[in-house]
Amino acid sequence: MSVNAYLISYIRHIFTDFLLDGKRGFVVKLAVMSSAASNQPSNSAPGAGAGVATTAASPTFSPLYQQIKALITQSLQSGEWKPGELIPSEVELAARFKVSQGTVRKAIDELAAENLVVRRQGKGTFVATHHEERAHYRFLRLMPDAGEARQPENRVLEVKRTRAPAEVARMLDIKSGDSVIFIRRVQSFDAVPTILEELWLPGVLFRGLTAERLVEYKGPMYGLFETEFGTRMIRATEKVRAVLAEPQVGELLEVPPGTPLLSLERVSFTYGDKAVEVRRALYRTDTHHYHNELS
């Protein structure tokens, strides 16, 4: 009888300790098995411990197509499908992820709306690339007042590796003083200097970027970043304001000091919302205007 009493007392001690300090192994189980636990009937809960399980955490779930979109984006980010390449068909992706074709189609619709992939009628879906003609003007919003938009001619003024100023470091989410690549250039249309730009790029991502490479490369700069440095710009934030040309700026853009200019500050991001470029530009707007489409 005394043995039974001892066992009962010991069991009560363990059970009380579990309730008071229930995180011993309990949270791990909840994290690993939260979705499975949610499918169990309420009358199968083993007593008081089940009450903790149902109130300790309330997992949130995204729609299935959003989960498939995230998986496809991970494949894009990892380089499984390179820029410009054809990705598997909706049927193949549905089989791969064990979901319906409609779910895959909805995920790809969103990726296409975000310019991460491009649908081509009768050919399939391709990874978007900055080398496509349609992509050249996604980030260059300065358009001529008359005539068709054209690619500018570039004159590189300076390329150097330097220390990140505090404000630039903050925007790039790196430490002040970390290595960055600084680029300064003038872009011209029909031999008229129109844009003066300064760029800061994380040095760790753009090792080997030199003035010589920029000069010899004839395509869009973002195409160079994509092809040779594996960094694809997928979105950007911009601040636009009006300023007056300072003497040195006026000399480079061939306008009198005090000429009104458009000032733009941009932070560009790659996959994972990682900032990879800070760009500051001054635009002449005597023959061009800033154009944007809102939807």
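Residues numbered from 1 in each chain as written. Predicted model: local features only at pLDDT ≥ 70, side-chain atom pairs only at ≥ 80, totals over all residues. Heavy atoms only, no water.

## Brief notes about the nonpolar core
The condition that has to hold: Buried Ala, Val, Leu, Ile, Met, Phe, Trp, Tyr and Cys residues form a nonpolar core when they are joined through side-chain atoms within 4.5 Å. The buried label goes to any residue with under 20% of its type's maximum accessible area, the exposed label to any with over 50%, and the partly exposed label to all in between, with areas taken from a 1.4 Å probe on protein chains only. By definition, any uninterrupted DSSP run of H or I lasting at least four residues is a helix, any uninterrupted run of E lasting at least two residues is a strand, and each is numbered from the N terminus. A contact between two residues is defined here by any heavy atoms of the two lying within 4.5 Å.
Ile68, Ile72, Leu76, Trp81, Leu93, Val104 and Ile108 are the most contacted members of the largest nonpolar core, which has 18 residues in total. Counting residues per element, the ones that place at least two in this core are helix H4 (64-78), helix H5 (90-97) and helix H6 (101-113). With 4 residues, H6 is the single largest residue contributor to this core. Ignoring anything within four residues of it in the chain, the contact list for Val104 reads Ile68, Glu90, Leu93, Ala94 and Val99. If you look at the next biggest cluster of nonpolar residues, it comprises 15 residues, including Ile183, Phe206, Leu209 and Tyr217.

## As for unusual backbone geometry
Phi at Lys98 takes a positive value of approximately 60 degrees, unusual for a residue other than glycine. Relative to the helices and strands, Lys98 is located in the loop between H5 and H6.

## Overview of the packing of aromatic side chains
So the rule is basically this: Under the pairing criterion, centres of Phe, Tyr and Trp rings, with the six-membered ring standing for Trp, must be within 6.5 Å; the plane angle then separates stacked pairs below 30 degrees from edge-to-face pairs above 60, leaving the rest tilted. Placement of a positive charge over a ring is assigned whenever Lys NZ or Arg CZ falls within 6 Å of the ring centre and within 35 degrees of the normal to the ring plane.
Within this structure, the stated rule accounts for 4 aromatic pairs. Taking the centre distance of 5.4 Å and the plane angle of 45 degrees together, the rings of Phe206 and Phe229 count as tilted. Here Phe206, found in the loop between strand S6 (192-202) and helix H8 (211-216), pairs with Phe229, found in helix H9 (residues 221-229); they are 23 residues apart in sequence, far enough to count as distant. Phe229 carries the same exposure label as Phe206, and that label is buried. Directly above the ring of Phe126 sits Arg120, whose terminal nitrogen or CZ lies 4.3 Å from the centroid. Note that Arg235 overlies the ring of Phe269, its terminal NZ or CZ placed 4.1 Å from the centroid.

## Examining the side chain of Lys69
What counts, and what does not: The term polar contact refers here to a pair of N or O atoms within 3.5 Å; inside protein, the definition further demands a hydrogen-donor-capable atom paired with an acceptor-capable atom, and it admits residues adjacent in sequence only when both atoms are side-chain atoms.
Note that Lys69 resides in helix H4. Within the structure, Lys69 has its side chain in polar contact with the side chain of Glu114 (distance 2.6 Å). The contacts of Lys69, once residues within four sequence positions are left out, are Ala107, Glu110, Leu111 and Glu114.

## Here we look at the packing of H4 against H6
Applied cut-off: Note on geometry: axes are C-alpha line fits, over the in-contact stretch for helices, and angles between N-to-C directions span 0 to 180 degrees. The scheme is simple: roughly parallel for angles under 35 degrees, roughly antiparallel for over 145, roughly perpendicular for 65 to 115, oblique for anything else. Crossings are sorted by hand: turned counterclockwise from the far helix by less than a right angle, the near helix makes the crossing left-handed, and turned clockwise it makes it right-handed. Amino acids are sorted into nonpolar (Ala, Val, Leu, Ile, Met, Phe, Trp, Tyr, Cys and Pro), charged (Asp, Glu, Lys and Arg) and polar (every other residue, Gly among them).
Put simply, H4 and H6 touch, their axes get as near as 8 Å, and they point 60 degrees apart. Of the possible angle classes, the one that applies to H4 and H6 is oblique. Like other packed secondary-structure pairs, H4 and H6 cross with a definite hand, here right-handed. Where H4 abuts H6, its residues Leu64, Tyr65, Gln66, Ile68, Lys69, Ile72 and Thr73 lie against Thr103, Val104, Lys106, Ala107, Ile108, Glu110 and Leu111. In terms of residue class, the contact of H4 with H6 is built from 8 nonpolar, 3 polar and 3 charged.

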